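# Commentary on secondary and tertiary structure
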Amino acid sequence: MAALARWCLRRRAIVIVLWLAAFAGVAAAAAVTGSAYSNDYDIPGTDSSKVSALMERRLPDRAGDSDTIVWHTADGAGTVRAPGVERRMAAALRQVADLPGVASVTGPYGAVSATGPYGAGDTGRLGGSGGLGEAGDNSRISADGHTAYATVVFREPAADLGEAEVRRVLDTVRSAAAGAKGLQVEMGGAGAGLTERTGPAHLSEAIGVGVAAVVLFLAFGSLAATLLPIATALIGVGTAYAAIGLLGHAMTIADFAPMLGMLIGLGVGIDYALFIVTRHRKGLRRGLSVEQAAQRAVATSGRAVVFAGATVCLALLGMLVLRLSFLNGVAVAAALTVALTVAASLTLLPALLGLIGMRALSRKERRRLADRGPEAAASQGLCARWALYVERRPKLLGAAAAALIAVLALPTFSLHLGTSDQGNGSSASTTRRAYDLLAEGFGPGFNGPLTLIGSMDGADDRMAFTQLSETLRTIHGVASVSAADLGGGGDTGVITVVPTTAPQSRDTSDLVGRLRAEVLPRAEEGSSLRVYVGGLTAGYDDFAAVIVSKLPLFVGVVVALGCVLLLLAFRSIGIPVKAAVMNVAAVASSFGVVVAIFQWGWGSELLGLGRAGPIEPFLPVIMVSVLFGLSMDYQVFLVSRMYEEWRRTRDNRTAVRVGLAETSRVINSAAVIMIAVFSAFVLSGDRIIAMFGIGLAAAVALDAFVLRTLLVPALMHLLGGANWWLPGWLERLLPRISIEAEGDGAGDAEADGEGDAHGDGEGSAPGPVAVPVPLPGQPANGAARAGTARSPVP
């Protein structure tokens, strides 16, 4: 590591140019090729997957995307059949049908003739194919007559539509309501969702980075030192963001994967650079040259960064064991982002440190260094007093921390995985208002109909399928059933079932289960007919069921990998076991926060996150992997310093106290930065990203301020020397690895004077370092407790 830092320092211009060239080249390639993201939740072998395959193969004209235009008249303004309303909306629908990109429009007023009472010119159905007959279609008008809807079919899938095309449709139909008292017009669907991407691009990232810059400036007091972690993270994350766009052409990458990668990358990237810059600044204050301080910072903190980054990547890549293409892309994208931020911290950052020289210190620090010479180690401070306080009251503080974590984890037991749709959007959005109008006018199940598709062979199968539509009308939980449509050349039939409950309701999921387990097997009995249930709710239920079935394996793999890494690093049974328990606690408590806000709706509308609803099926897997990786970061930085002191003194209380005193400040500073970055993504306008942002922010806050600086040290005080126990036979079998560069230890002890009890280190100091925080009655120079020999710090 020292050799790498030396090379980067001496060839800093080359390193900086190479990174900028890589960023520019990948970004240019991504801009030329465009994006190819996919939100394909399809899992081969499930019912919903078979429905999609049959629709695309045998009924391709019904497999495309469409949006819904909804209009509603208030009480006192008449019904949607009133001549004034009909005239306005029929004319608007005719205009929509003529817009570029629109294939057809199907409305409730029958064949709207351009030469009829509402227009002049050519006659014809809307869009040339969507007419409904002269009598109209009363099924598109609510029973009370105050709500109606029309279906707009676009020529391209929603993912390929331009926002401008959809906005023209929305503006056209909304113009019909201008000047009409009591008439409301809204639009729902995937296309309409494109028009709701409001606000400047990457506003959330800019806010997160801005808050991080303020925290860094308060910690460093130097503008140059403040900009280094941010510049390093932005270059690494920016390169990864563009690379993910290219990767989408080679594998399935979800459209939220780049944003998720940026969210994780900015958090860990700024933090990793913070740890290295903190060590570098400490070396400068101890009298080292710029090159010496940077080399030792990378050789010590850089090793801890590599170890921490590797744990995050391994946790993310643990998603590959699930063998789901949708999650494979997310795992690779996020791991790639973390890997590039680590690479930037180890190469670009040393080059930038060499570029700014002594300006890594504030002017005040540079004057003090010139006037007074190198600093001596300090042994007092708020962090030191906190470490002593935890040592004195481990049982009380440990119990309080455990109780808080347990309370926050309680909502996790009511976790409901399911579909999140436009009904969960902001109440100010047109898609949410359209969703609500349809639910009020046609029933809550209207927004999520189930599609039953039958594969038939012969007249008997067709008769059985026709009879099934009659049977379905008698099933509890079914609001309406369409007549059996025997299309697809006679070998494929379709029935649309509208539930009485909303798509997100557990009752709708129960209905899907009853249809599959009881109703359909009876209909298929004695024939070759095979019927499959698809639709929004069925698809998400299938996806959730597969994930839940594989979740124990996934969590087991991630926990096992983390424990093995910690076992190798700290040569202890207790440390990995405690880390696993703490990581599970952090995950459970953060999920409790997510459930309370998004599923229970506590403050979700106030935060602009829309209405309460179920949690996305893939969220647990992604969050578990990310949170296990991030939690391991703080475990490594905290326990590595404790382990170092334990090897030197064999005194557990001193090791825990010194480790906590010297790492808590930098861990807390890093946590504040991560919390700021993650929380800012609530402003992204994307419900999924907001879930990740709040969940990760809550997890980091609890992990840093409750678990690592309170519960972990309290437990370690209570366990004493058992923290570091390892069977002799296992000791002999394990290979020896070190997070730190042990060869630099003596030099650091002399020149670097480690042991700033104000917490100016990051828990990765080499060699005999740090003046321990004195206990009451203990000599101020840090003499050992009874029976423990200690060497004074030079």
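Our subject is the structure listed above.
Here's a quick rundown of the structure. (Residues numbered from 1 in each chain as written. Predicted model: local features only at pLDDT ≥ 70, side-chain atom pairs only at ≥ 80, totals over all residues. Heavy atoms only, no water.)

## Details of the overall build of the chain
Helix and strand counts for the chain come out as 24 helices and eight strands. Relative to its 794 residues, the chain shows a buried fraction of 57%. Roughly 30700 Å² of accessible area belongs to the chain as shown, and the carbon and sulfur atoms make up 59% of that amount. (Helix = DSSP H or I, 4+ residues; strand = E, 2+ residues; numbered from the N terminus. Buried < 20%, exposed > 50% of the residue type's maximum accessible area, 1.4 Å probe, protein only. Areas by Shrake-Rupley, 256 points an atom, 1.4 Å probe, with all protein chains shown as cover.)

## A few points about the packing of helix H10 (residues 290-317) against helix H18 (residues 536-570)
At a minimum axis separation of 10 Å, H10 and H18 run at an interaxial angle of 160°. It follows that H10 is roughly antiparallel to H18 by the angle criterion. The handedness of the crossing between H10 and H18 comes out as right-handed. Residues Phe307, Thr311, Leu314 and Ala315 of H10 pack against Phe554, Val558, Leu561, Leu565, Leu566 and Ala569 of H18. (Axes fitted to C-alpha atoms, helices over the stretch in contact; angles between N-to-C directions. Parallel < 35°, antiparallel > 145°, perpendicular 65-115°, else oblique. Left-handed = near helix turned anticlockwise from the far one by under 90°. Contact = heavy atoms within 4.5 Å.)

## Let's talk about the sheet that holds strand E8 (residues 530-535)
Strand order across the open sheet formed by four strands is E6-E7-E5-E8, with antiparallel pairing between neighbours. Looking at strand neighbours, the two that pair on one side only are strand E6 (478-481) and E8, the edges of this open sheet. Shown here is a sheet whose adjacent strand axes are inclined to one another by a mean of 25°, direction ignored. Alignment of E6 against strand E7 (residues 492-499), held across three bridges, turns out to be antiparallel. Bridge assignment links Val478 to a residue of E7, and that residue is Pro499. (Pairing = 2+ DSSP bridges.)

## Some points on the side chain of Asp67
Within the element layout of this structure, Asp67 appears in strand E1 (residues 66-73). Looking at Asp67, its side chain comes within polar contact range of the main-chain nitrogen of Ala190, at 3.4 Å. Looking at Asp67, its side chain comes within polar contact range of the main-chain nitrogen of Ala192, at 2.6 Å. Residues in contact with Asp67, not counting those within four places in the same chain, are Ala150, Thr151, Val152, Phe154, Val166, Met187, Gly188, Gly189, Ala190, Gly191 and Ala192. (Polar contact = N/O pair within 3.5 Å; in protein donor to acceptor, adjacent residues only side chain to side chain.)

## Some details on unusual backbone geometry
At Arg323, a position not held by glycine, the phi torsion is positive, near 60°. Accessibility expressed as a relative area gives 72% for Arg323, which makes it exposed. Here the phi dihedral of Arg650 falls at roughly 55°; this positive angle occurs in a residue that is not glycine. Assignment of secondary structure puts Arg650 in the loop between helix H20 (619-649) and helix H21 (652-680).

## With respect to a nonpolar patch on the surface
A contiguous nonpolar patch, built from Leu203, Ile207, Val211 and Leu683 and spanning about 300 Å² of accessible area, is present on the exposed surface. Within the fold, Ile207 resides in helix H7 (residues 203-220). (Patch = residues over 30% accessible without salt bridge, like charges linked within 9 Å, V, L, I, M, F, W, Y side chains within 5 Å. Salt bridge = Lys/Arg side-chain N within 4 Å of Asp/Glu carboxyl O.)

## Observations regarding the packing of helix H9 (residues 257-285) against helix H11 (residues 325-356)
Where H9 contacts H11, the axes come no closer than 8 Å and their chain directions differ by 30°. The orientation of H9 relative to H11 falls into the category roughly parallel. Judged by the sense of rotation from one axis to the other, the crossing of H9 with H11 is right-handed. Contacts from Ala257, Leu260, Gly261, Ile264, Gly265, Val268, Gly269, Tyr272, Ala273, Ile276, Val277 and His280 of H9 reach H11 at Val330, Ala333, Ala334, Thr337, Val338, Thr341, Val342, Ser345, Leu346, Leu349 and Leu353. Within the contact of H9 with H11, the residues separate by chemical class into 16 nonpolar, seven polar and no charged. (Nonpolar A, V, L, I, M, F, W, Y, C, P; charged D, E, K, R; others polar.)

## Considerations on a positive patch on the surface
Judged by side-chain charge, Arg363, Lys364, Arg367 and Arg372 come together as a positively charged surface patch. Following the sequence through the fold, Arg363 ends up in helix H12 (residues 363-372). (Lys, Arg positive; Asp, Glu negative; His and termini not counted. Charge placed at Lys NZ, Arg CZ, Asp CG, Glu CD.)

## Topic: the pairing of E1
Within E1, seven of the eight residues are buried, which leaves it mostly tucked inside the rest of the structure. Here seven bridges tie E1 to strand E3 (residues 147-154), and the two strands are oriented antiparallel to one another. Bridge pairing in E3 links His72 to Thr147.

## Let's talk about the side chain of Asp703
Note on placement: Asp703 falls in helix H22 (residues 687-719). With sequence-adjacent residues up to four places away left out, Asp703 is seen in contact with Ala586, Ser631, Tyr634 and Arg708.

## So, the packing of aromatic side chains
Summed over all chains, the structure comprises twelve aromatic pairs. Between Tyr149 and Phe446, the aromatic rings sit 5.2 Å apart at their centres with planes inclined by 65°, giving edge-to-face as the arrangement. You can see Tyr149 sitting in strand E3 and its partner Phe446 sitting in the loop between helix H15 (430-442) and strand E5 (450-455), a full 297 residues away along the chain. We classify Tyr149 as buried; its relative accessible area is 11%. (Phe/Tyr/Trp six-rings, centres within 6.5 Å; stacked < 30°, edge-to-face > 60°.)

## With respect to the sheet that holds E3
The strand order across the open sheet built from four strands is E2-E3-E1-E4, with neighbouring strands paired in antiparallel fashion. This sheet does not close on itself; its edge strands, each paired only once, are strand E2 (102-106) and strand E4 (183-188). Strand after strand, the sheet turns through a mean of 20° between neighbouring axes, direction not considered. Set on the sheet, H15 makes contact with E1, E3 and E4; between it and E4 the angle comes to about 110°.

By themselves these figures say nothing about function.
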